[in-house]
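# Coordinates in review
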Amino acid sequence: MKKSLLLLVALLFFAGCQTAQRNILDSDGESQVKLRAMQTRYFDTGDKKKTLQTVIATLQDLGFVIDKASYELGSVSGTKLHGYRVRMTVNTYPRGTDQMTVRANAQYNIEPISDPIIYQQFFAALEKSMFLTAHTDE
């Protein structure tokens with residue numbers, strides 16, 4: 001009887017774990033991939049310092065106040081206050097030797113922003129700045 005009860009408890013435990021894992025992967029997996037795609041762009045430069053400087057300038061042009069910036073971490077955070085609070089954190093890291101990956105993560109108050117327009121506006125401004133930066137240094 002003890003063995004039967006122990007076996008039943010073990011089966012319920014493992015069944016619960018499998019259901020939770022499947023739900024986590026099934027329900028949010030696709031939306032997380034879409035969100036990451038919205039948040040990430042690749043730039044044809046291997047210059048991390050210049051990329052970070054351009055990210056900082058772009059955030060400032062968009063009305064953000066820079067809170068933190070770290071070259072070592074490749075991270076910049078800024079806050080925009082105009083009757084609301086938007087915080088954006090941008091991380092940069094190499095992708096091979098000739099490209100930089102730039103990933104932006106925005107929050108409204110404490111909620112993540114999943115609206116693609118916010119990310120499109122940021123990356124459109126960053127692409128213009130990266131183009132101008134690349135052509136003014138030549």
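So, here is what we can say about the structure in this document. (Residues numbered from 1 in each chain as written. Predicted model: local features only at pLDDT ≥ 70, side-chain atom pairs only at ≥ 80, totals over all residues. Heavy atoms only, no water.)

## Structural notes on the environment of V90
In this fold, V90 is placed in strand β4 (residues 85-95). In this structure the C-alpha to C-alpha distance between V90 and V102, which are 12 residues apart in sequence, comes to 6.8 Å. Other than its neighbours up to four places away in sequence, V90 contacts V55, L59, G74, S75, V76, V102, R103, A104 and F122. (Helix = DSSP H or I, 4+ residues; strand = E, 2+ residues; numbered from the N terminus. Contact = heavy atoms within 4.5 Å.)

## Notes on the packing of helix α2 (residues 48-61) against helix α3 (residues 116-136)
Two numbers describe how α2 lies on α3: the axes approach to 9 Å, and their chain directions differ by 130°. It follows from the interaxial angle that α2 and α3 lie oblique. Here α2 runs over α3; the crossing is right-handed. Contacts between α2 and α3 involve K50, T51, T54, V55, T58 and L59 from the former and F122, A125, L126, S129, M130 and T133 from the latter. Looking at the contact of α2 with α3 residue by residue, the class counts come to 6 nonpolar, 5 polar and 1 charged. (Axes fitted to C-alpha atoms, helices over the stretch in contact; angles between N-to-C directions. Parallel < 35°, antiparallel > 145°, perpendicular 65-115°, else oblique. Left-handed = near helix turned anticlockwise from the far one by under 90°. Nonpolar A, V, L, I, M, F, W, Y, C, P; charged D, E, K, R; others polar.)

## Section: the pairing of strand β3 (residues 75-81)
Along β3, 5 of the 7 residues are buried, which leaves the element largely enclosed by surrounding structure. With antiparallel pairing between neighbouring strands as the criterion, strand β2 (residues 65-70) and β3 make up a hairpin whose turn holds 4 residues, including G74 at a positive phi of roughly 70°. For β3 and β4, the ladder comprises 7 bridges, and the chain directions are antiparallel. Its bridge partner lying in β4, S77 is registered against T89. Between the antiparallel neighbours β3 and β4 lie 3 residues, among them G83 with a positive phi of about 80°. (Buried < 20%, exposed > 50% of the residue type's maximum accessible area, 1.4 Å probe, protein only. Pairing = 2+ DSSP bridges.)

## Regarding α3
For an α-helix, 3.6 residues make a turn, and residues three or four places apart therefore share a direction. Helix length check: α3, at 21 residues, gives a terminal C-alpha distance of 30 Å against a target of 30 Å (1.5 Å per residue), a fit within 8%. Turning to α3, its buried residues number three or more, namely Y119, F122, F123, A125, L126, S129, M130 and T133. Taken down its axis, α3 places every buried residue within 165° of arc, on the same side. Those residues of α3 that are exposed and aimed more than 90 degrees away from the buried face are K128 and L132. (Expected span 1.5 Å × (residues − 1). Arc of directions from axis to C-beta.)

## Considering the packing of aromatic side chains
In this structure the tally under the stated criterion is 1 aromatic pair. On the basis of an interplanar angle of 65° and a centroid distance of 5.1 Å, the ring pair of F122 and F123 is categorised as edge-to-face. The class for F122 is buried, based on a relative accessible area of 1%. A cation sits over an aromatic face here: R95 above Y42, 3.8 Å from the ring centre. (Phe/Tyr/Trp six-rings, centres within 6.5 Å; stacked < 30°, edge-to-face > 60°. Lys NZ or Arg CZ within 6 Å of the ring centre and 35° of its normal.)

## Some thoughts on unusual backbone geometry
A positive phi angle, near 55°, is found at N109, a position not held by glycine. Tracing the chain through its elements places N109 in the loop between β5 (99-108) and β6 (111-112). For N109, a relative accessible area of 38% translates into the label partly exposed.

## So, α2
Taking 1.5 Å as the rise per residue, α2 with 14 residues should run 20 Å; its terminal C-alpha atoms sit 20 Å apart, in good agreement. Among all positions of α2, only K48, T51, L52, T54, V55, T58 and L59 are buried. Along the axis of α2, the buried positions cluster into a sector of 160°, meaning they face one direction only. In this fold, the buried residues of α2 make contact with β2, β3, β4, β5 and α3. Where α2 begins, one side-chain oxygen reaches toward the backbone nitrogen of K49, 3.3 Å away; that side chain belongs to D47. Following α2 by one or two positions, G63 has its phi on the positive side, about 95°. (Polar contact = N/O pair within 3.5 Å; in protein donor to acceptor, adjacent residues only side chain to side chain.)

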